[in-house]
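This is what each chain is made of:
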Amino acid sequence: MSSAEQNPASPADTASVYGPPAPAKYRTVHFQRAKDEGRRFAMLTSYDAMTAEIFDAAGVEMLLIGDSVGNTVLGHSTTLPVSLDDMVLFASAVTRGATRAFVVADLPFGSYEASPQDAVAAGVRLVKEAGVHAVKMEGDERFAEHVAAMTAAGVAVMAHIGFTPQSENVLGGYRVQGRGEDATRRMVASARALEEAGAFAVLMEMVPSEVAAAVDAALTVPTVGIGAGAETTGQVLVWQDMLGMRTGGVPRFVRRYADLHGTITDAVTQYRRDVLSGQFPAPEHGFES
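All of these numbers come straight from a predicted model, not from anything done at the bench.

(A) Here's a closer look at helix α7 (residues 116-130). The first and last C-alpha atoms of α7 sit 20 Å apart over 15 residues, in line with the 21 Å expected at 1.5 Å per residue. Where α7 is concerned, the buried positions are Pro116, Ala119, Ala122, Gly123, Leu126 and Ala130. The buried side chains of α7 occupy one side of the element, clustering within an arc of 130° when seen end-on. Exposed residues lying more than 90 degrees from the buried face of α7 are Gln117 and Lys128. Packed against the buried residues of α7 are α6 (84-97), β3 (102-106), β4 (134-138) and α8 (144-152). Just beyond α7, the residue with positive phi is Gly131, at close to 80°.

(B) Fine view of the pattern of salt bridges. Summed over the entire model, instances satisfying the criterion amount to eight salt bridges. Notably, a salt bridge pairs Glu129 with Arg125, separated by 3.0 Å at the nearest N-O pair. One end of the pair, Glu129, and the other, Arg125, are both in helix α7, four residues apart, so they sit about a helical turn from each other. Relative accessible area serves as the criterion here: at 25%, Arg125 is assigned to the partly exposed category. A single salt-bridge network, built from bridges that share partners, covers Asp85, Arg125 and Glu129.

(C) Seen up close, a nonpolar patch on the surface. Among the surface-exposed residues, Tyr271, Val275, Leu276 and Phe280 lie close enough to one another that they form a single nonpolar patch of about 410 Å² accessible area. If you trace the backbone, Tyr271 turns up in helix α13 (residues 260-277).

(D) How the structure looks around the side chain of Asp106. Relative to the elements of secondary structure, Asp106 occurs in strand β3. Within the local environment of Asp106, its side chain forms a polar contact with the backbone nitrogen of Asp67, the two atoms lying 2.8 Å apart. Only 2.6 Å separates the side chain of Asp106 from the side chain of Lys136, close enough to count as a polar contact. Not counting residues within four places of it along the chain, the set of residues in contact with Asp106 comprises Leu64, Ile65, Gly66, Asp67, Met87, Leu126 and Lys136.

(E) Up close: the pairing of strand β8 (residues 234-237). Here strand β1 (residues 41-45) pairs with β8 via four bridges, running parallel. The partner of Leu44 across the bridge, within β8, is Leu237. Bridge count between strand β7 (residues 223-226) and β8: two bridges; the pairing is parallel. Opposite Gly225, over in β8, you have Gln235 as the bridge partner.

(F) Seen up close, the environment of Asp56. Turning to its location among the elements, Asp56 is positioned in helix α4 (residues 49-57). Measuring from C-alpha to C-alpha, the distance between Asp56 and Leu44 comes to 9.8 Å, with twelve residues separating the pair along the chain. Filtering out sequence-adjacent residues up to four positions away, Asp56 remains in contact with Ala98, Thr99, Arg100 and Ala101.

(G) Structural context of the UniProt feature "binding site: Mg(2+)" (unreviewed entry) in the protein. Using the residue numbers shown here, the UniProt feature "binding site: Mg(2+)" (unreviewed entry) corresponds to Asp67, Asp106 and Glu138. For this annotated set, covering 72 residues, all C-alpha atoms fall within 10.9 Å of each other, a compact arrangement in space. Tracing the backbone shows Glu138 in strand β4. Looking at Glu138, the relative accessible area reads 4%, which means it is buried. Ignoring sequence-local partners within four residues, the contact set of Glu138 consists of Asp67, Tyr112, Phe143, His160, Thr164, Pro165, Gln166 and Ser167.

(H) Just the sheet that holds strand β5 (residues 157-162), in detail. Sheet architecture is closed into a barrel: eight strands sit in the order β1-β2-β3-β4-β5-β6-β7-β8, paired in parallel fashion. Going across the sheet, the axis of each strand differs from the next one's by a mean of 25°, ignoring polarity. Of the strand pairs in this sheet, β5 and strand β6 (residues 201-205) are connected by five bridges, and their pairing is parallel. By the bridge assignment for β6, Ile161 is matched with Met204.

Reading the values: the criteria
- Residues numbered from 1 in each chain as written.
- Predicted model: local features only at pLDDT ≥ 70, side-chain atom pairs only at ≥ 80, totals over all residues.
- Heavy atoms only, no water.
- Helix = DSSP H or I, 4+ residues; strand = E, 2+ residues; numbered from the N terminus.
- Expected span 1.5 Å × (residues − 1).
- Buried < 20%, exposed > 50% of the residue type's maximum accessible area, 1.4 Å probe, protein only.
- Arc of directions from axis to C-beta.
- Contact = heavy atoms within 4.5 Å.
- Salt bridge = Lys/Arg side-chain N within 4 Å of Asp/Glu carboxyl O.
- Patch = residues over 30% accessible without salt bridge, like charges linked within 9 Å, V, L, I, M, F, W, Y side chains within 5 Å.
- Areas by Shrake-Rupley, 256 points an atom, 1.4 Å probe, with all protein chains shown as cover.
- Polar contact = N/O pair within 3.5 Å; in protein donor to acceptor, adjacent residues only side chain to side chain.
- Pairing = 2+ DSSP bridges.
- UniProt positions renumbered as here; feature names shortened; annotations may be inferred.
- Axes fitted to C-alpha atoms, helices over the stretch in contact; angles between N-to-C directions.

So, in structure tokens, the structure goes:
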């Protein structure tokens, strides 16, 4: 057995593979440096202070309050019902739990599309009220003006291209984007327009690996992938998918690192059994007069 197997990495060791040394707080410059130096970073969703604290301590460099909170927490079938008020609430919890990680929040459907001014207002609110470090906005080059306006107003923006869940009704459902003739040229052109508008990073979702690699090679800023192959600077997953909280199938791009659904089910079943049998609470769980 190797020494690494005998001594698993501590959270500090995990964070130090970024640099070392890892910064006291991640900023956009650190992700740009990762891109420039050919290094990677990890991103996970988080919707509450407790998971934010855990993921932060484990060394995850970037946390995303995704509008996926609509599916994973609020019980909606899509992300579309999520409001800006919802995002402010959940983002505020995450920023209270994270100390080192860079925190990004989604601009929810309906909060930014109508005009660059709407985008600025929504972005400023998430930064000012929730304390996030950046926002993520879905949309192709047609939203470059929105990115430029937010950046000029002091809001850091991560662009999101490829499959954009807020447009699922236009795109015809959850489908891989960027296939077909001339797809690479169009995706690269879109990403470049968003980079030129001021986006500090570009996220690609459900894009063929070779297309995502071409986009990453064409951009100066870092890229983040989810179902976009291994050539992006960073990778992001929904934490409930990655840790096995969901039952049934998961998207092809997900790797399950744990079975929390099974673990929690077993623990709750045992708790109920102990309550019904009188084994809990035991004398040591009570107080004396």
